[in-house]
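Now for the letters of each chain:
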Amino acid sequence: MEHSTSVLVMGGSGQAGAGAAALLRQWHPALPLTIAGRDLDRAQRVADGLGAATAVTLDLERSDLGLPADHRYSAVVAAVWDARLHGLRYAQHRGLPYLSISSGLVDIAPEVVAGAQQAGGAPILVASHYLAGLVVLAALDSAREFDRIDTIKIGAILDETDIGGPAGIADLERWSAAASAGLVRRDGVFTWLDSRDAQVDVIGVDGTVLPGQSIPILDVPSLALATGAPNVRFDLAVGESPSRHRGEPASIEVRIDLEGVGSTGAPLSTSRYLVHPAGQRPLTALGVALGVERLLGLRGDAVAPGIHTPEALLDPAYAVERMVEVGATFVGQRDDR
């Protein structure tokens, strides 16, 4: 198989990486993929399941990632924490598009600086948002009904059994250790909430109430700056999801509340839930796959070098269509006052 056009998926045998690779294979059957992981046998099993894919051993402690020198790639996807930024540097030195999902708001500074220092080198998609940007895109799809948005409130319920594999659990622990405060936009000002003020209840589709807290996440600045909304917050509850409490598989629920003014000038508010019965895994994988598809120019114009976020590259309506295709549903209401 030719490596010159292959997408290198770092952590490709993990949940997000393998899921994203499977979607890319489904959408683009001829797209070559390389599954890179620390466990070659596991990576090979994923590659064999995809077809038209290869497996390589990944060493994130080496600047060359431990990859054969003669292998060439079309993009680099970091579906695992790239602590030393070797994957990013590998992509930059070769002028390849790069996507990451594990930095979180508290860890993006090195990525941003690296991208700014070589602004003309390659496109970098910073997608360390919730579900790799899908919540932002779902909210922006709802926002099309508004002439002006004053308030955006996101409330997500993540089942404690659905955090992810070892990499996902490590990400959550790292983010929690870095900041217990929440980041909100209040009256147009980005504001940090201490751990006490960040506490809040999150309400599920069936009315179940779980204790949660406002968290520092990229969705807040992305939504605030994309819509101009002066008040934005993102609350997360991790525990037993309402579906698992009913004896069903763990699901994910994200409530998206928007308040503002509609096209007629009258006050308007909408409340919509994004729900997936299989939890966060298929949606996170979808967010990654959509980003890769766009970076490669498989949909839309070629992406210019520089730092990008999901909402800057992806069409919200298209993303919502894809969410429904992978099993997500939307439940909501509109209030014209």
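Refer to the structure above for everything that follows.
Keep in mind that this is a model prediction, so the values were computed, not measured.

So, how was this worked out
Residues numbered from 1 in each chain as written. Predicted model: local features only at pLDDT ≥ 70, side-chain atom pairs only at ≥ 80, totals over all residues. Heavy atoms only, no water. 1 Å grid on protein atoms, 1.4 Å probe; cavity = no way out; pocket = protein on both sides within 12 Å on 5 of 7 lines; lining within 4 Å. Points joined across faces, edges and corners; volume = space filled by probe spheres on them. Nonpolar A, V, L, I, M, F, W, Y, C, P; charged D, E, K, R; others polar. Helix = DSSP H or I, 4+ residues; strand = E, 2+ residues; numbered from the N terminus. Contact = heavy atoms within 4.5 Å. Polar contact = N/O pair within 3.5 Å; in protein donor to acceptor, adjacent residues only side chain to side chain. Core = buried A, V, L, I, M, F, W, Y, C linked by side-chain atoms within 4.5 Å. Buried < 20%, exposed > 50% of the residue type's maximum accessible area, 1.4 Å probe, protein only.

Here we look at empty space enclosed by the protein
Taken as a whole and assessed by the stated rule, the structure comprises 1 cavity of 30 Å³ or more. Estimates place the volume of the largest cavity at around 40 Å³. The wall of the largest cavity is formed by Ala78, Val80, Trp81, Asp82, Leu85, Tyr98, Ser100, Ile101, Ser102, Ser103 and Glu111. In the lining of the largest cavity, the residues fall into 6 nonpolar, 3 polar and 2 charged.

Here's the deal with the environment of tyrosine 98
Locating tyrosine 98 in the fold gives a position in strand β5 (residues 98-100). The sequence separation of tyrosine 98 and aspartate 141 amounts to 43 residues, and the corresponding C-alpha distance is 25 Å. The residues contacting tyrosine 98, other than those within four sequence positions of it, are Val76, Ala78, Asp82, Gly87, Leu88, Ala91, Glu111, Pro123, Ile124, Leu125 and Leu295. Within the structure, the side chain of tyrosine 98 is placed 3.0 Å from the side chain of aspartate 82, a separation counted as a polar contact.

Overview of the nonpolar core
With 71 residues, the main nonpolar core has Tyr130, Phe234, Val254 and Met323 as its most contacted residues. Ranked by residues supplied to this core, first place goes to helix α5 (residues 134-143) with 8 residues. Residue contacts for methionine 323: discarding those within four places in its chain leaves Leu134, Leu137, Ala138, Leu274, Leu283, Leu286, Ala328 and Phe330. The next biggest cluster of nonpolar side chains, apart from the first, holds 24 residues, and it includes Val56, Leu67, Leu105 and Ala114.

A closer look at unusual backbone geometry
Most peptide bonds take the trans form, and the phi angle of most residues other than glycine is negative. A positive phi is found at alanine 52, a non-glycine position, where the angle reads about 50°. Relative to the assigned elements, alanine 52 resides in the loop between α2 (40-50) and β3 (53-57). A positive phi angle, near 55°, is found at aspartate 187, a position not held by glycine. In this structure, aspartate 187 sits in the loop between β8 (182-186) and β9 (189-193).

Spatial relationships are all this shows, so hold off on functional conclusions.
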